[in-house]
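One-letter residues, chain by chain:
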Amino acid sequence: MKYLQTFRVLPDIPDALSFLEVLSRNIWWSWQYDAVELFRRIDPRLWDRSGRNPILFLTYLPQKRLEELAGDKSFLSHQERVREQFQVTACSRRWDGDASISRSNTIAYFSMEFGIHESIPLFAGGLGILAGDHLKAASDMELPLVGVGLLYRQGYFRQFLDQDGWQQEEYPETDIYQLPIERATDARGDDLFVSVAGPDGDIHAAVWRLNVGCVPLFLLDSNVSENPRDLREITSKLYIGEQKMRIAQEMLLGIGGMRALAALGIHPSVCHMNEGHSAFSSLERIAQIRESHQVDLKTALEIIPRTTVFTTHTPVSAGNEEFPIELIRPYLIPLEERIGALADEILSWGQPIGALPSSPISMFILGARMARYCNGVSKLHGRVARRMWTHVWPEMPEEEIPISHVTNGVHIPSFLSREISLLLERHIGPEWHHHPSNPGNTSRIDDIYEEELWRAHVMCRARLIRACRRLMTRQYKRRNAPKEMMRDAELVLDQDIMTIAFARRFATYKRANLLLQDPERFEALLMNKNRPIQFIFAGKAHPRDHEGKELIKRLVQFARKREIRNKLVFIEDYDIHVARYLVQGADVWLNTPRRPLEACGTSGMKAAINGALNLSILDGWWCEGYSEERGWRIGNGEEYVDPAYQDAVESQALFNVLEEEVIPRFYDRKNGDIPVRWVKMMKASMKMGMSVFCSHRMVAEYNGRFYEPARDRLARLLAGDAGEARALAVRREKLKTFWRNIRVEPPIQETAGPFRVGENLRMTALIDLGELSPEDVTVELYYGMLQSADLLSLGKAKAMEMLEAHGGGRYLYACDISCPMSGRYGFTARVLPAGDAWARFEPGLIRWT
């Protein structure tokens, strides 16, 4: 049938229950325990069968049950309680009508994926979960933020294993009418469409809106009749492998996303690019700034970077996207006039300085060139990123590369168990989740009775084991397993013994097979009857990652041994729902990445807030989170050149920690009592997670360090017909023209040595600025302890003061320094542009002695 017309039949919701439909259309319910329970209590089994999707759930409910609920005073009272909370927290700052949020004061958050709830399949993994947590925290904190993404009809794949344990993938079509989305409309109330010119014609996209509390998420959808069939596929799957389609996705996200916001009357004061996928948004933003404020390109390039945030998540160069320029150019040619530059110049913004014109465009470089605020996602990752991208800022010392860090955090109400939440309500107060990182809140975790906390955790572990049995039975049934195996699946695991979870993407660097380096020792651990333990593994390999799939296969085949198959399981199709069971019920959360390849990792944070203890390599967030009173480390943070040797060493270290510290601590119980020392560590783990690694802290840090300064800076840059921005453009052009004429004479040590710690040294340097003036530059003495003949360790910069003009553009500068440690020091002088950090770190504008 070539053409079908459709209509839709909705459930006949009684008036008394009309709020259920309203609630189902805002994903706010998903992180409100009372709201989740409101749906679940209607029919718990049907709630689970519907995938905890309230729209689908209400569709499946019999009319008789709805009529019963309409007369149920207990249920109506519960509904009213949720409605009142919804009105206060989710509706007070909605973008409807005369919204209190100023649309010109908005933060626009761009991401390729958003992991908000398992019923909304718009995510693949950690990057998407982080983006979803960012929106939820922004809603809780009432920040004027909007999200921008793509609406995938198939999303990321569903995982299942064949008889041999080899991963298979399927991409079920998502019925968008079962999602809590609505069409975004323009000023006239018409359905909103945007288009992006591409090599095969215009790419048209419908714009949808998903409400995340009081934060709107706008999603672009290319599956519209205006597009030919091949262009409709652009938003079919997340992370399409074929380069041409991937570029089309990222152009639609960046350029189309900015056009959608403009059509909605939203002109963001700050743009936040979550990874390089959305870097093209800056190109459209340049064009819009030029048109709305009548400025030239050079002036726009002073405005856009100073009001843009760029977060990188990738700790290896190979993981950062690069595209051939011939595939990018067709999208840029239609933008030339609006941007005010030819395609070749625009392409150069994504290439390293000095690169050949034919070099590929790097999405990291484009993102970083367009963002004054650039950050990694943990302290270690910030350091790794600075080392990895030194070539983008040639001649700049590694420690001064302008990439900072904001350590990730997790949205606590989305992942905290109901049992632990009730304890926090009792000991902290019912409003604890509004300010989870408040020191006054976290300190009161110590007030929870040890036995009370332990019993709550035991209940969570029991629920995890029951869930694993259900899931394993379902897996074996789909494979038509023999009856004996089906019976075993119903009895896997033991709810009373130590449970260790390993759940994450099955990439080779995450080393899910570290325990299999010594299978006999691993089997002996599992067979120990005096101190029994069990393992639960879960995670997906990328569809093209055959090494990752091989890890899963090897693990599954090892788990089939008769002696251990009830103590080691692999759960298929890892998603947010499965993750919730795991982080809430595991005793130990295992993480074994090859340092320093874990940018951050957030699953361990989710486990920590539930009282699980982390056992991890010192990588990513655990470098900041680890202390011996709240978890364990594997190794001491070493980095190896030989991966095989590293695996051999760290697998033995893992076994040693398990056998000598972790397992004995869990079973350290007097007279069969609770493990008091273990529970004390649980409390420390919870306090750490809530105070340091929660998304409210993370978003507050982004807001204080980046969003607010950028918003204020925009106001100043645009004031008085963009007078300051225009002046900065003139100044930058002057610097670029005359910078090559600067000469820096070797600095002179005016104070005779030797010196003692703490004594002052006088240094002078003669600088030839040529046509530039002292107001145009900053002159600094750069010094530190010698690491080698031409390398300083922990170099420091000290501003030098201009003492006198010698004529002909020559100036004498001086400063005093004091060294706090004894040793051999080196020093030199340098000249940088004067001004803020964006002017100071202009690639190529630095002159050394």
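What you are looking at is a predicted structure, and each value in this text was computed from that prediction instead of being measured.

Caption draft 1: The overall build of the protein chain, seen in detail. Across its full length, the protein chain holds 30 helices and 29 strands. Scaling as 2.2 N^0.38, a compact globule of 849 residues should have a C-alpha radius of gyration of about 29 Å, and the protein chain matches this with 29 Å. Here the C-alpha coordinates of the protein chain stretch approximately 95 × 70 × 50 Å along the principal axes. Counting across all 849 residues of the protein chain, residues that qualify as buried make up 58%. A separation threshold of at least 6 residues defines the contact pool for the protein chain, and within that pool the share at least 24 residues apart is 73%. A total of about 34800 Å² of accessible surface is found on the protein chain, and carbon and sulfur atoms cover 50% of it.

Caption draft 2: The arrangement of the sheet that holds strand β15 (residues 498-503) in detail. Within the open sheet, the six strands sit side by side as β17-β16-β15-β18-β19-β20. Their pairing is parallel. Since the sheet does not close on itself, it has two edges, and those belong to β17 (568-571) and β20 (631-634), each with one partner. For this sheet, the mean angle separating the axes of adjacent strands, direction not counted, is 20°. In the sheet, β15 pairs with strand β16 (residues 533-538) via six bridges, with the strands oriented parallel. Pairing of threonine 499 across the sheet is with glutamine 534, part of β16. Taken strand by strand, helix α28 (residues 676-692) contacts β15, β18 (588-591), β19 (613-617) and β20, and its axis lies near 75° from that of β19.

Caption draft 3: Up close: the sheet that holds strand β29 (residues 847-848). The four strands lie next to each other as β25-β24-β28-β29, forming an open sheet whose pairing is antiparallel. Edge positions in the sheet fall to β25 (791-799) and β29, since each of these pairs with one other strand and no more. Direction of pairing for strand β24 (residues 777-788) relative to strand β28 (residues 825-833): antiparallel, over a ladder of nine bridges. Within β28, the position partnered with tyrosine 782 by the bridge is threonine 828.

Caption draft 4: Region of interest: the nonpolar core. Counting residues in hydrophobic clusters, the biggest one holds 150 residues, and the most contacted among them are Leu23 and Ile339. Broken down by element, this core gets its largest block of residues, 12 residues, from helix α29 (residues 695-738). Apart from the residues within four sequence positions on either side, isoleucine 339 is in contact with Leu283, Ile286, Ala287, Arg290, Leu297, Ile346 and Trp349.

Caption draft 5: Layout of the side chain of asparagine 614. Within the secondary structure, asparagine 614 is located in strand β19. Polar side-chain contacts of asparagine 614 include one of 3.2 Å to the backbone oxygen of glycine 604. Each residue touching asparagine 614, except ones within four places of it in the same chain, is listed here: Trp589, Gly604, Ala608, Trp621, Trp622, Arg630, Gly631 and Trp632.

Caption draft 6: Representation of the packing of helix α22 (residues 519-527) against helix α27 (residues 643-666). Two elements in contact, α22 and α27, have axes separated by 11 Å at closest approach and are oriented at 20°. Between α22 and α27, the interaxial angle falls into the category roughly parallel. For α22 against α27, the interelement crossing comes out left-handed. Where α22 approaches α27, its residues Arg521, Phe522 and Leu525 are matched on the opposing element by Gln652, Phe655, Asn656, Leu658, Glu659 and Ile663.

Caption draft 7: View of the confidence of the model for the protein chain. With 98% of its residues at a pLDDT of 70 or more, the protein chain shows a mean pLDDT of 93. Residue range residues 96-101 is modelled with pLDDT below 50. Its contacts to residues more than four positions away, or to other chains, number seven contacts.

Caption draft 8: Broad picture of α27. The sharpest bend along α27 reaches about 40° and sits at leucine 658. Among the residues of α27, the N-terminal cap falls to aspartate 642, whose side-chain oxygen and the backbone nitrogen of alanine 644 are separated by 3.0 Å.

Caption draft 9: Representation of the packing of aromatic side chains. Under the criterion given, the structure shown has 29 aromatic pairs. Chaining the aromatic ring pairs together yields one cluster made of Phe502, Phe506, Phe522, Phe535, Phe537, Phe558 and Phe570. When the ring centre of phenylalanine 502 is taken as origin, the NZ or CZ atom of arginine 504, which lies over that ring, is 4.9 Å away.

Caption draft 10: Up close: the environment of leucine 264. Mapped onto the secondary structure, leucine 264 falls in the loop between α9 (243-263) and β9 (270-274). Judged by its relative accessible area of 13%, leucine 264 is buried. On a C-alpha basis, the gap between leucine 264 and threonine 185 in space is 7.3 Å, while along the polypeptide they are 79 residues apart.

Caption draft 11: Local environment of helix α10 (residues 281-293). Taking 1.5 Å per residue as the helical rise, α10 with its 13 residues ought to reach 18 Å, and the 18 Å between its terminal C-alpha atoms agrees with that figure. Every buried residue of α10 is listed here: Ser281, Ser282, Leu283, Glu284, Arg285, Ile286, Ala287, Gln288 and Ile289. Just downstream of α10, glutamine 294 is the residue with a positive phi angle, here 55°.

Caption draft 12: A look at the pairing of strand β8 (residues 215-221). In terms of burial, β8 is largely enclosed, as seven of its seven residues are buried. Burial along β8 is two-sided: the residues Val215, Leu217, Leu219 and Asp221 and Pro216, Phe218 and Leu220 are all buried. Relative to β8, strand β2 (residues 145-150) runs parallel, the two sharing four bridges. Its bridge partner being in β8, leucine 150 is matched across the sheet by leucine 220.

Caption draft 13: Structural detail: the pattern of salt bridges. Inspection of every chain in the model, using the stated rule, returns 59 salt bridges. A salt bridge links aspartate 200 to lysine 244; the shortest N-O distance between them is 3.0 Å. Linking aspartate 200 in the loop between β6 (193-198) and β7 (201-212) with lysine 244 in helix α9, this pair joins segments that are 44 residues apart in sequence. Overall, the relative accessible area of 44% leaves aspartate 200 in the partly exposed class. By relative accessible area, which is 37% here, lysine 244 ends up partly exposed. Of the charged contacts, one joins lysine 561 and glutamate 523 as a salt bridge, the two residues approaching to 3.1 Å between their closest N and O atoms.

Caption draft 14: Molecular detail of unusual backbone geometry. Cis peptide bonds are those with omega within 30 degrees of zero, and the linkage from arginine 595 to proline 596 qualifies with 5°. Note on placement: proline 596 falls in the loop between β18 and α25 (603-609). If you check the backbone angles, arginine 52 has positive phi at about 55° while not being a glycine. Judged by relative accessible area, arginine 52 falls into the buried class, the value being 13%.

Caption draft 15: Representation of the environment of glycine 132. By secondary structure assignment, the location of glycine 132 is in helix α7 (residues 126-140). Distance in space between the C-alpha atoms of glycine 132 and arginine 290 is 32 Å, their sequence separation being 158 residues. Contact partners of glycine 132, with chain neighbours within four places excluded, come to Phe114, Gly115 and Ile116.

Caption draft 16: Spotlight on a negative patch on the surface. Together, Glu173, Asp175, Asp230 and Glu233 give the surface a local cluster of negative charge. Counting through the fold element by element, aspartate 230 comes out in helix α8 (residues 229-232).

Caption draft 17: Fine view of the state of the cysteines. The final tally for this structure, using the stated rule, is zero disulfides. Not engaged in a disulfide, the cysteine cysteine 271 finds its nearest cysteine sulfur in cysteine 374; these two sulfurs lie 15 Å apart. The exposure class assigned to cysteine 271 is buried, which follows from its relative accessible area of 2%. Cysteine cysteine 623 is unpaired, with the sulfur of cysteine 600 as its nearest cysteine sulfur at 10.0 Å. In this structure cysteine 623 comes out as partly exposed when scored by relative accessible area, which is 33%.

Caption draft 18: Summary view of the pairing of strand β23 (residues 760-768). Looking at chain direction, strand β21 (residues 743-744) and β23 are connected through two bridges and run antiparallel. Each residue of the ladder has a partner; that of valine 744, found in β23, is isoleucine 767. The pairing of strand β22 (residues 748-749) with β23 spans two bridges and is antiparallel. Looking at β23, one finds that glutamine 749 is bridged to methionine 763. Relative to strand β27 (residues 810-818), β23 runs antiparallel, the two being bridged by nine bridges. Counterpart to threonine 764 in the pairing with β27 is alanine 814.

Procedures and definitions
- Residues numbered from 1 in each chain as written.
- Predicted model: local features only at pLDDT ≥ 70, side-chain atom pairs only at ≥ 80, totals over all residues.
- Heavy atoms only, no water.
- Helix = DSSP H or I, 4+ residues; strand = E, 2+ residues; numbered from the N terminus.
- Rg over C-alpha atoms; globule rule 2.2 N^0.38 Å.
- Buried < 20%, exposed > 50% of the residue type's maximum accessible area, 1.4 Å probe, protein only.
- Contact = heavy atoms within 4.5 Å.
- Areas by Shrake-Rupley, 256 points an atom, 1.4 Å probe, with all protein chains shown as cover.
- Pairing = 2+ DSSP bridges.
- Axes fitted to C-alpha atoms, helices over the stretch in contact; angles between N-to-C directions.
- Core = buried A, V, L, I, M, F, W, Y, C linked by side-chain atoms within 4.5 Å.
- Polar contact = N/O pair within 3.5 Å; in protein donor to acceptor, adjacent residues only side chain to side chain.
- Parallel < 35°, antiparallel > 145°, perpendicular 65-115°, else oblique.
- Left-handed = near helix turned anticlockwise from the far one by under 90°.
- pLDDT = per-residue confidence, 0-100.
- Bend = angle between axes of the 7 residues up to and from the residue.
- Phe/Tyr/Trp six-rings, centres within 6.5 Å; stacked < 30°, edge-to-face > 60°.
- Lys NZ or Arg CZ within 6 Å of the ring centre and 35° of its normal.
- Expected span 1.5 Å × (residues − 1).
- Salt bridge = Lys/Arg side-chain N within 4 Å of Asp/Glu carboxyl O.
- Patch = residues over 30% accessible without salt bridge, like charges linked within 9 Å, V, L, I, M, F, W, Y side chains within 5 Å.
- Lys, Arg positive; Asp, Glu negative; His and termini not counted.
- Charge placed at Lys NZ, Arg CZ, Asp CG, Glu CD.
- Disulfide = S-S within 2.5 Å.

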